[in-house]
Amino acid sequence: VFLGALLLHVAGTWIIPLVDRDEPRFSEASREMRERGDYVIPFFNDKYRFDKPAFIYWTQIASYSVFGENEFAARFPSAVAAALTAVLLYGWGRRAGDERTGWWAAIIFTLCLQVFIHGKAAVADMWLVFFVAAAHWAGYEVLADSLGRESSSAGRRFARVAFYVALGFAFLAKGPLGWLPLLTVISTKLYLREIS
């Protein structure tokens with residue numbers, strides 16, 4: 001699942017120059033962070049850039065270290081995030097249903113037009129999607145008993161930790177928008193309480 005999705009999303013990322021207004025800004029801010037050796041405060045054209053949290057910059061810096069400073073390296077982290085999300089959805093689909101459900105979840109996600117676009121773009125969106133999906137799966141596992149699914153107390157404890165870790169990384173990927181899974185879990189708990 002991972003390799004298939006990754007190959008689909010990296011295909012051609014080195015051909016097209018950075019487009020839109022966001023790709024060059026993210027890429028240049030990452031390049032300037034790397035050049036300065038300051039991995040906390042992003043700069044763009046020697047001015048502070050606090051538009052987005054630092055996670056995308058860190059992933060692009062790591063990619064630049066491996067592949068050099070080019071279009072492919074700037075876009076590679078988004079392709080990895082899209083492929084990891086496909087794997088996550090495969091696992092969640094298997095847990096919620098069966099092997100076939102997992103495959104369909106991964107395939108449909110990977111072939112979605114918006115994923116195809118953002119999986120090839122040097123922007124923070126795919127990392128947000130990955131961490132939000134991880135938080136939702138962890139929230140699903142936390143609520144497993146309420147949803148009529150079997151789960152162990154150790155599994156629920158792990159899911160709680162995973163939920164908050166995913167929320168933290170989602171915040172680092174895109175800011176407060178990453179905390180939306182909290183609303184999903186809270187509203188589900190309230191809804192389940194009402195129908196009990």
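Residues numbered from 1 in each chain as written. Predicted model: local features only at pLDDT ≥ 70, side-chain atom pairs only at ≥ 80, totals over all residues. Heavy atoms only, no water.

## Structural notes on the packing of helix H4 (residues 71-96) against helix H7 (residues 125-142)
Alright, step 1. Relative to each other, H4 and H7 sit at 20°, their axes nearing to 8 Å. Accordingly, the angle class assigned to the pair H4 and H7 is roughly parallel. The crossing of H4 and H7 is left-handed. For the pair H4 and H7, contact is made by Pro77, Ser78, Val80, Ala81, Ala82, Leu84, Thr85, Leu88, Gly91, Trp92, Arg95 and Ala96 and by Met126, Trp127, Val129, Phe130, Ala133, Ala134, His136, Trp137, Tyr140 and Glu141, respectively.
Alright, step 2. Looking at the contact of H4 with H7, its residues break down into 16 nonpolar, four polar and two charged. (Axes fitted to C-alpha atoms, helices over the stretch in contact; angles between N-to-C directions. Helix = DSSP H or I, 4+ residues; strand = E, 2+ residues; numbered from the N terminus. Parallel < 35°, antiparallel > 145°, perpendicular 65-115°, else oblique. Left-handed = near helix turned anticlockwise from the far one by under 90°. Contact = heavy atoms within 4.5 Å. Nonpolar A, V, L, I, M, F, W, Y, C, P; charged D, E, K, R; others polar.)

## Notes on the nonpolar core
Alright, step 1. Counting 44 residues, the largest nonpolar core has Tyr57, Trp127 and Phe131 as the members making the most contacts within it.
Alright, step 2. Mapped by element, the contributors of at least two residues to this core are helix H1 (2-10), helix H2 (22-36), helix H3 (55-67), H4, helix H5 (99-111), H7 and helix H8 (153-174).
Alright, step 3. Once residues lying within four places of it in the same chain are set aside, the contact partners of Phe131 are Phe55, Ala166, Phe169, Ala170 and Ala173. (Core = buried A, V, L, I, M, F, W, Y, C linked by side-chain atoms within 4.5 Å. Buried < 20%, exposed > 50% of the residue type's maximum accessible area, 1.4 Å probe, protein only.)

## A look at the packing of H7 against H8
Alright, step 1. Direction vectors running N to C along H7 and H8 enclose 160°, while the axes themselves pass 8 Å from each other. In terms of orientation, H7 and H8 fall into the roughly antiparallel class. Seen from above, H7 lies across H8 with left-handed handedness. The residues of H8 that touch H7, namely those facing Asp125, Trp127, Leu128, Phe131, Val132, Ala134, Ala135, Ala138, Gly139, Glu141 and Val142, are Arg156, Ala159, Arg160, Ala162, Phe163, Ala166, Leu167, Phe169, Ala170, Ala173 and Lys174.

## Focus: the side chain of Ser27
Alright, step 1. Mapping Ser27 onto the fold places it in helix H2.
Alright, step 2. Given a relative accessible area of 5%, Ser27 falls into the buried group.
Alright, step 3. Not counting chain neighbours up to four residues away, the residues in contact with Ser27 comprise Leu18, Gln60, Tyr64, Ala74 and Ala122.

## Quick word on the pattern of salt bridges
Alright, step 1. Tallied over the entire structure, the rule returns 10 salt bridges.
Alright, step 2. The closest approach of N and O atoms between Arg31 and Glu28, which form a salt bridge, is 2.8 Å. Residue Arg31 and its partner Glu28 are both found in helix H2; the two are separated by three residues, about one turn of the helix.
Alright, step 3. The residue Arg36 makes a salt bridge to Asp46 at a minimum N-O spacing of 2.9 Å. Taken together, the residues Arg36 in helix H2 and Asp46 in the loop between strand S1 (43-44) and strand S2 (47-48) connect sequence positions 10 residues apart.
Alright, step 4. One network of salt bridges, with partners in common, ties together Glu28, Arg31 and Glu35. (Salt bridge = Lys/Arg side-chain N within 4 Å of Asp/Glu carboxyl O.)

## Describing the packing of aromatic side chains
Both the distance between ring centres and the angle between the ring planes are used here to describe each pair of aromatic rings.
Alright, step 1. Within the structure shown, the criterion is met by 19 aromatic pairs.
Alright, step 2. Relative to Phe76, the ring of Phe72 lies with its centre 5.5 Å away and its plane at 40°, an arrangement referred to as tilted. Separated by four residues within a single helix, Phe72 and Phe76 lie in helix H4, roughly one turn from each other.
Alright, step 3. By relative accessible area, which is 17% here, Phe72 ends up buried.
Alright, step 4. Relative to Phe169, the ring of Phe131 has its centre 5.3 Å away and its plane inclined at 20°; by these criteria the two rings are stacked. Of this pair, Phe131 sits in helix H7 while Phe169 sits in helix H8, and the two are 38 residues apart along the sequence. (Phe/Tyr/Trp six-rings, centres within 6.5 Å; stacked < 30°, edge-to-face > 60°.)

## A short note on a positive patch on the surface
Alright, step 1. Taken together, Arg157, Arg160, Lys189 and Arg193 make up a surface patch of like positive charges.
Alright, step 2. If you list the elements that add at least two residues to the positive patch, you get H8 and helix H9 (180-195).
Alright, step 3. Within the secondary structure layout, Arg157 lies in helix H8.
Alright, step 4. Since its relative accessible area comes to 51%, Arg157 is described here as exposed. (Patch = residues over 30% accessible without salt bridge, like charges linked within 9 Å, V, L, I, M, F, W, Y side chains within 5 Å. Areas by Shrake-Rupley, 256 points an atom, 1.4 Å probe, with all protein chains shown as cover. Lys, Arg positive; Asp, Glu negative; His and termini not counted. Charge placed at Lys NZ, Arg CZ, Asp CG, Glu CD.)

## Concerning the layout of surface pockets
Alright, step 1. The volume enclosed by the largest pocket comes to roughly 330 Å³.
Alright, step 2. Surrounding the largest pocket, 23 residues form its lining, Val19, Glu23, Ile117, Lys120 and Ala121 being those nearest its centre.
Alright, step 3. Looking at the lining of the largest pocket, the elements that each hand over two or more residues are H2 and helix H6 (113-118).
Alright, step 4. In terms of residue count, the dominant contributor to the lining of the largest pocket is H2 (four residues). (1 Å grid on protein atoms, 1.4 Å probe; cavity = no way out; pocket = protein on both sides within 12 Å on 5 of 7 lines; lining within 4 Å. Points joined across faces, edges and corners; volume = space filled by probe spheres on them.)

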